[in-house]
Amino acid sequence: MEMLEKQQQMMLGREQKQRQVFSCIMYSVVVYLVFFAVCFIERFFFHELDVLGGQEILFAEFLIATAVVVFICVKKLGTKLQS
């Protein structure tokens, strides 16, 4: 009986971890989609006015998006599994 409970706990833990990883991936996709949307908006509106610097701004925005993704994933995957 105890062995069965242990296996159920392990399966529950794996399922919760899979859900956490999936939500981390989905949040990452959303963050990078927002990043691309911001890039297109900047290109469309500000490129004609020559307001922004170009590649440096794009790289800085990409680094910010990556930092946000890392923060979200660490927060999501760092939470303890509840028994």
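The text that follows walks through the structure, step by step, so that each part is easy to find. (Residues numbered from 1 in each chain as written. Predicted model: local features only at pLDDT ≥ 70, side-chain atom pairs only at ≥ 80, totals over all residues. Heavy atoms only, no water.)

**Describing the packing of helix H1 (residues 2-46) against helix H2 (residues 55-78)**
The angle between the axes and the distance between the axes are what describe a pair of packed helices. The geometry of H1 relative to H2 is characterised by a closest axis approach of 9 Å and an angle of 160 degrees between their N-to-C directions. Considering the angle they form, H1 stands roughly antiparallel to H2. Where H1 crosses over H2, the two elements pack in a sense that is right-handed. Broken down by class, the residue content of the contact of H1 with H2 amounts to 17 nonpolar, five polar and five charged. (Axes fitted to C-alpha atoms, helices over the stretch in contact; angles between N-to-C directions. Helix = DSSP H or I, 4+ residues; strand = E, 2+ residues; numbered from the N terminus. Parallel < 35°, antiparallel > 145°, perpendicular 65-115°, else oblique. Left-handed = near helix turned anticlockwise from the far one by under 90°. Nonpolar A, V, L, I, M, F, W, Y, C, P; charged D, E, K, R; others polar.)

**A closer look at the state of the cysteines**
Applying the stated criterion across every chain yields a total of one disulfide. Covalent S-S linkage joins cysteine 24 and cysteine 73, the inter-sulfur distance amounting to 1.9 Å. One quick way to see it: the torsion about the S-S bond of cysteine 24 and cysteine 73 is about 100 degrees, and its sign makes the bridge right-handed. On the criterion of sequence distance, the pair formed by cysteine 24 in helix H1 and cysteine 73 in helix H2 is long-range, its members being 49 residues apart. The burial state of cysteine 24 is the same as that of cysteine 73; both residues are buried. (Disulfide = S-S within 2.5 Å. Buried < 20%, exposed > 50% of the residue type's maximum accessible area, 1.4 Å probe, protein only.)

**Digging into a nonpolar patch on the surface**
The grouping of Val21, Phe22, Ile25, Met26, Val29, Leu33 and Leu77 at the surface amounts to a nonpolar patch, some 610 Å² of accessible area in total. For the nonpolar patch, the leading source of residues is H1, giving six residues. Here isoleucine 25 lies in helix H1. (Patch = residues over 30% accessible without salt bridge, like charges linked within 9 Å, V, L, I, M, F, W, Y side chains within 5 Å. Areas by Shrake-Rupley, 256 points an atom, 1.4 Å probe, with all protein chains shown as cover. Salt bridge = Lys/Arg side-chain N within 4 Å of Asp/Glu carboxyl O.)

That's the geometry; what it means functionally is another story.
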